[in-house]
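Chain by chain, the residues run as shown.
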Amino acid sequence: MSSPPPKHIDPLNELRQRKYEAGHGDAEGFNRQHAKGKLSSRERIARLVDRNSFEEIDLFARHRGGVPGDGVVTGMGKIDGRDVMLRIVPCPARTLTEDWNTRRTPCLDR
């Protein structure tokens, strides 16, 4: 018997899958935020910027071996038609970044 031919993975679909996984980050952390009645960083951004205008930079970055997309969210978008650059620091990550962060980023609970 011959073995079945190896499956061909479409690189574009693989990238889309990786982007989806990184955009949703850690499922446990996501569920903890929702259990507290809070939104994730990406959900807050989606509510702030104009529809479909946010382009995340460094989506696949990891914080010290964590899952992709679990750290600081940075990117460009539009608010009321104006170009903006956003940097969202998750509250738990704030304590880890204070030593290299020259400006203390306020942690807003909304």
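The structure under discussion appears in the preceding block.
Conventions and cut-offs
Counting starts from 1 at the beginning of each chain's written sequence and moves along it residue by residue. Selection of residues for local features in this predicted model requires a pLDDT of at least 70, selection of side-chain atom pairs for listing and counting requires 80 or more, and totals for whole chains, interfaces and linings are taken over all residues. Computation of side-chain values: all heavy atoms of the structure, hydrogens and water removed. Surface patches are defined over residues having more than 30% relative accessible area and no salt bridge, joining like charges when they lie within 9 Å and nonpolar side chains (Val, Leu, Ile, Met, Phe, Trp, Tyr) when within 5 Å. Note on areas: Shrake-Rupley, 1.4 Å probe, and residue coverage restricted to the protein chains presented here. Each salt bridge in this description consists of a side-chain nitrogen of Lys or Arg and a carboxyl oxygen of Asp or Glu lying within 4 Å of one another. Strands are runs of DSSP state E lasting at least two residues, helices are runs of H or I lasting at least four, and both sets are numbered from the N terminus onward. Strand pairing requires that DSSP identify at least two bridges connecting the strands. Throughout, the protein atoms alone are placed on a 1 Å grid, and a set of points is a cavity if a 1.4 Å probe fits but cannot get out or a pocket if it is open with protein on both sides within 12 Å along at least five of seven lines; lining residues have an atom within 4 Å of a point. Grid points are joined across faces, edges and corners, and a volume is the space filled by probe spheres set on the points. Residues were grouped as follows: Ala, Val, Leu, Ile, Met, Phe, Trp, Tyr, Cys and Pro as nonpolar; Asp, Glu, Lys and Arg as charged; and all remaining residues, including Gly, as polar. Structural elements are reduced to axes, namely lines fitted to C-alpha atoms, with helices fitted over the stretch in contact, and the angle between N-to-C directions of any two is expressed from 0 to 180 degrees. Among buried residues, the Ala, Val, Leu, Ile, Met, Phe, Trp, Tyr and Cys ones that are joined through side-chain atoms within 4.5 Å form a nonpolar core. Think of it in three bands: with a 1.4 Å probe and only protein chains considered, a residue is buried below 20% of the maximum accessible area for its type, exposed above 50%, and partly exposed in between. Any two residues having at least one pair of non-hydrogen atoms within 4.5 Å are treated as being in contact.

Caption draft 1: Highlighting a nonpolar patch on the surface. On the surface, Leu12, Leu15 and Phe60 cluster together into a nonpolar patch covering about 250 Å² of accessible area. Structurally, leucine 15 is set in helix H1 (residues 11-24).

Caption draft 2: Geometry of the pairing of strand E3 (residues 82-88). Bridge count for strand E2 (residues 73-79) against E3 is 7 bridges, and the pairing is antiparallel. Residue pairing in the sheet places glycine 75 in a bridge with leucine 86 of E3. Between the antiparallel neighbours E2 and E3 lie 2 residues, among them aspartate 80 with a positive phi of about 50°.

Caption draft 3: Region of the structure containing the layout of surface pockets. In this structure, the second largest pocket occupies an estimated 420 Å³ of space. Around the second largest pocket, the lining comprises 16 residues; the ones closest to its centre are Lys19, Arg42, Phe54, Glu55 and Glu56. If you list the elements that add at least two residues to the lining of the second largest pocket, you get H1, helix H3 (41-48) and strand E1 (55-57). For the lining of the second largest pocket, the per-class residue count stands at 6 nonpolar, 4 polar and 6 charged.

Caption draft 4: Looking closely at the sheet that holds E1. Taken together, 3 strands build an open sheet; the order of strands is E1-E2-E3 and the sheet is antiparallel. A single partner strand is all that each edge strand has here, and the edge strands are E1 and E3. Across the sheet, the axes of successive neighbouring strands diverge by a mean angle of 25°, strand direction being ignored.

Caption draft 5: Highlighting the nonpolar core. Among the nonpolar cores identified, the biggest contains 5 residues, and these are Ile45, Val49, Val73, Leu86 and Ile88. Residues contacting valine 49, with those up to four places away along its chain left out, are Phe54, Lys78, Ile79 and Leu86.

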